[in-house]
Every structure is written in structure tokens, then in C-alpha cells.
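Listed below, chain by chain, are the residues.
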Amino acid sequence: MEGLMPLSDPSVSALATELQKAEAYIDGVRDALFLELDGELFSSPALAWLLLCSFLVFFMQAGFAMLEAGCVHPANSKNMLLKNFLDMAISVALFSMVGYGVAFGEGVFVGSDKFF
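Let me sum up the structure you'll find in this document.

Conventions we followed
- Residues numbered from 1 in each chain as written.
- Predicted model: local features only at pLDDT ≥ 70, side-chain atom pairs only at ≥ 80, totals over all residues.
- Heavy atoms only, no water.
- 1 Å grid on protein atoms, 1.4 Å probe; cavity = no way out; pocket = protein on both sides within 12 Å on 5 of 7 lines; lining within 4 Å.
- Points joined across faces, edges and corners; volume = space filled by probe spheres on them.
- Helix = DSSP H or I, 4+ residues; strand = E, 2+ residues; numbered from the N terminus.
- Nonpolar A, V, L, I, M, F, W, Y, C, P; charged D, E, K, R; others polar.
- Axes fitted to C-alpha atoms, helices over the stretch in contact; angles between N-to-C directions.
- Parallel < 35°, antiparallel > 145°, perpendicular 65-115°, else oblique.
- Left-handed = near helix turned anticlockwise from the far one by under 90°.
- Contact = heavy atoms within 4.5 Å.
- Buried < 20%, exposed > 50% of the residue type's maximum accessible area, 1.4 Å probe, protein only.
- Polar contact = N/O pair within 3.5 Å; in protein donor to acceptor, adjacent residues only side chain to side chain.

### Here we look at the layout of surface pockets
Computed from the structure, the largest pocket encloses a volume of approximately 410 Å³. Ser 54, Val 57, Phe 58, Val 92 and Phe 95 are, among the 15 residues lining the largest pocket, the residues nearest its centre. Listing elements by their share of the lining of the largest pocket, those giving two or more residues are α2 (44-71) and α3 (77-104). No other element matches the 8 residues that α2 contributes to the lining of the largest pocket. Classifying every residue of the lining of the largest pocket by side-chain character gives 11 nonpolar, 3 polar and 1 charged.

Printed below as a string of C-alpha cells:
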């Protein structure tokens, strides 16, 4: 840890000073690991995992669009790409209206608030 030195004088005041330095260091580490959004405390790894999985789903949707565009007749590729785009747009809208409340709302089994 930065700033903490081996004690040459093990007096009570020196120990108290080093303890205050250690507490400040721990508070800094805690602030770096957790993020407060809307009064709720989210851990950074959990938020990063959620964002990573969201990005993977969007890239998976783009991969399916390219696969389907390659498997259909070139005249129908625009229709397939539009269908995939509308699928993504409707899914994002429904998740923001209903899915977020179910996933992150307060409730016994599933969330019952935070809709819309």
C-alpha cells in the first residue's frame, strides 16, 4: 500500500496515524470498486459484466443478420436486414419498458416496480 511505512516508533499516536492512512486507502479502493447510480450501489464488475453481455448480444444480432443476408437471394437481403433491425428495435423497446423492471425491480420473485 502506498503511504504506509514500517513503524520505527510503535507509540499509540503513530499507530493511530497509520490506521487513519490505512482507512483512507481502503475508502479509496472501495470508491474505485463501487459506483452509485440512482441511490443504489452497483459493483463495477457486475456493471461491466452486464454491459459486456449486452454488447455481445448486439454483435450476435449483427452476425445473424450477415448470415441471413448471405443465405437468401440478393433481392431479398434488404427485407431480411430490415426484419433483423426491427427485431432489435422492438426488443430494446420491450426490455426498457418491461424487462428492466422484472430484472432489477424490488419484489419477492421478480421485480414489481421500475417499469417504463
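### Regarding the packing of α2 against α3
Running from N to C, α2 and α3 point in directions that differ by 160°, and their axes come no closer than 9 Å. On the basis of their axis angle, the class for α2 and α3 is roughly antiparallel. Note on packing geometry: the crossing formed by α2 with α3 is right-handed. Between α2, through Leu 50, Phe 58, Gln 61, Phe 64, Ala 65, Met 66, Glu 68 and Ala 69, and α3, the contact on the second element is made entirely by Ser 77, Met 80, Leu 81, Asn 84, Asp 87, Met 88, Val 92 and Phe 104. When its residues are assigned to classes, the contact of α2 with α3 shows 11 nonpolar, 3 polar and 2 charged.

### Overview of the side chain of Asn 84
Note on placement: Asn 84 falls in helix α3. Residue classification places Asn 84 among the buried residues on the basis of a relative accessible area of 10%. There is a polar contact of 3.1 Å between the side chain of Asn 84 and the side chain of Glu 68. Look past the residues within four positions of Asn 84 in its chain and what remains in contact with it is Gln 61, Phe 64, Ala 65 and Glu 68.

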